[in-house]
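For reference, the chains in residue letters:
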Amino acid sequence: MKTFTDFKTFNTYFGTEPPLDNHIDVNSYGKKFLKKSEAVSIDFYRISLKQKICLPKNHPLYDSVKQPFSAFFFSSPKDVNSWCIEKRFKRYYVQFSHKIINENKHIFKKLMDFGQHEPLFLTSQDEQEIEQNYKYMLRHHQENPQGYDIILSYALVIFNFIEKLYLSALNKSSSKFNSIVIEFQESLNNYYTSQLSTQKYTKIPTVNHFASQMGVSANYLGDILKNYTGQSAIDHIHQHIVKQAKVKLLKTNTPVKEIAWELGFEYPNYFARFFKNKTGLTGWGGQSEPPSAGQTEHSKLSAQNRFICV
């Protein structure tokens, strides 16, 4: 997989104009950019307004989005992207280096909060408002490529506007997002069973695992769960691990270290700290750590003694 660490090499590969500056690059897509690419990774931030996007007939969303549409896209460092389009879309992109992000965190906080979400579909009115800001950025960038302050001011306006649109989309699409919540819960409930059937060693479940399985980004999944359940994705995962641990501790005589391994914890001591942190309980007869190999009489505690309040 190709990885691009600077604007110049990526723009050359992608087929857009060379950058005027090494830290901010504003430009339009033009008519010659690459229509098909293998998976690539870029080590900088990129926000894009794409207009007149046409989905191929074999695309999963083609039946619901047959007409050309416009959308806002965000890509962060190390994201992996590949693409294959039939017709080139139009409009603008802005690229920011790590240096710009690190020196202007107060501006980019909203960008970080937005995270790597799915493309944000735009109405014609929203599209025009964002496009106008891109035009202003492009004009000032061409006049003064190192005039970062003005570019960043327009970028902040876009970030604020995108945040408003994204939150509005969450509230308007309850049926779609509720289906995502249900799919996540089903995947979480089946996680340990599926892990044991497909691989030798169980792993601790992660947000990235479920997001990838569902075809969405981790931040996108987290926002939906937080909006509709009041809890983050990692909270749901931790609660499920605790529930599974309690069932095994109360209803089986499985040694604690084996329970830890079954739940994906490589080190039983880490499982002990995790369980105590989440419940205020320990399952080792009052000991602060799980029993050693020589303390096997403690590894099969009776059900009534498996939990001790601490």
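Above this text is the structure in question.
Just so it is clear, the model here is predicted, and its values are computed rather than measured.

A.B. asks: Report on the side chain of Asn11, specifying residues and quantitative values.
C.D. replies: Positionally, Asn11 belongs in helix H1 (residues 7–14). The contacts of Asn11, once residues within four sequence positions are left out, are Thr16, Glu17, Pro18, Pro19, Asp25, Tyr93 and Gln95.

A.B. asks: Lay out the sheet that holds strand S6 (residues 80–84) with the relevant residues and their values.
C.D. replies: Taken in spatial order, the three strands line up as S1-S3-S6 in an open sheet, and their pairing is mixed. With partners counted over all chains shown, the strands left at the sheet margins are strand S1 (2–4) and S6, one partner each. Neighbour-to-neighbour, the strand axes of this sheet turn through a mean angle of 35 degrees, independent of strand direction. As paired strands, S1 and strand S3 (residues 36–42) are joined by three bridges and run parallel to one another. Its bridge partner being in S3, Phe4 is matched across the sheet by Ile42.

A.B. asks: Break down the nonpolar core for me, with residues and values.
C.D. replies: The biggest cluster of nonpolar side chains holds 31 residues, and the ones touching the most others in it are Phe184, Leu221, Leu263 and Phe271. Formed by 29 residues, the second largest nonpolar core is a distinct cluster that contains Val94, Phe96, Met137 and Tyr148.

A.B. asks: I'd love a proper account of unusual backbone geometry, names of residues and values included.
C.D. replies: Even without glycine at this site, Lys52 takes up a positive phi of about 60 degrees. By the element assignment, Lys52 lies in strand S4 (residues 45–53).

A.B. asks: Explain the pairing of strand S2 (residues 24–28) residue by residue, including any values.
C.D. replies: A large share of S2 lies buried, amounting to four of its five residues. With five bridges joining them, S2 and strand S7 (residues 92–96) adopt antiparallel strand pairing. Paired with Asn27 across the strands is Tyr93, a residue of S7.

A.B. asks: Which residues make up the packing of aromatic side chains, and what values go with them?
C.D. replies: By the definition in use, this model includes 23 aromatic pairs. Centre to centre, the rings of Phe10 and Phe14 are 5.6 Å apart; their planes meet at 10 degrees, and the pair counts as stacked. Here Phe10 and its partner Phe14 are both found in helix H1, four residues apart, which amounts to about one turn of the helix. Given the relative accessible area of 5%, Phe14 is considered buried. Arranged with centres 6.4 Å apart and planes meeting at 20 degrees, the rings of Tyr45 and Phe74 form a pair that is stacked. With Tyr45 in strand S4 and Phe74 in strand S5 (residues 69–75), the pair connects residues that are 29 residues apart, well separated along the chain. With a relative accessible area of 12%, Tyr45 lands in the buried category. Taken together, the aromatic side chains of Phe4, Phe7, Phe10, Tyr13, Phe14, Tyr29, Phe33, Phe44, Trp83, Phe89 and Tyr93 make up a single cluster linked through ring pairs. Geometry around Phe73 places Lys50 over its ring, the cationic atom sitting 4.2 Å from the centre.

About the criteria used
- Counting of residues starts from 1 at the beginning of each chain's written sequence and follows it residue by residue.
- At least 70 in pLDDT is required for a residue's local features to be given in this predicted model, at least 80 for side-chain atom pairs to be given and counted, and no such filter applies to totals for whole chains, interfaces and linings, which use all residues.
- Working from all heavy atoms in the structure, the side-chain values ignore hydrogens and water.
- Helix and strand definitions here come from DSSP, where helices need a minimum of 4 consecutive H or I residues and strands a minimum of 2 consecutive E residues; each element is numbered from the N-terminal end.
- Here, two residues are considered to be in contact whenever any of their heavy atoms come within 4.5 Å of each other.
- In this description, strands pair whenever DSSP reports at least two bridges between them.
- In this analysis an axis means a line fitted to C-alpha atoms, helices contributing only their contacting stretch, and an angle means the value between N-to-C directions, from 0 to 180 degrees.
- The set of buried Ala, Val, Leu, Ile, Met, Phe, Trp, Tyr and Cys residues whose side-chain atoms join them within 4.5 Å is what this entry labels a nonpolar core.
- Residue burial is assigned from relative accessible area. The probe radius is 1.4 Å, only protein chains are included, and a residue is buried under 20% of its type maximum, exposed over 50%, and partly exposed in between.
- Two aromatic rings, drawn from Phe, Tyr or Trp (for Trp, its six-membered ring), form a pair once their centres lie within 6.5 Å of each other, and the interplanar angle then sorts them: stacked below 30 degrees, edge-to-face above 60, tilted otherwise.
- To sit over a ring, a charge needs its Lys NZ or Arg CZ within 6 Å of the ring centre and within 35 degrees of the ring normal.

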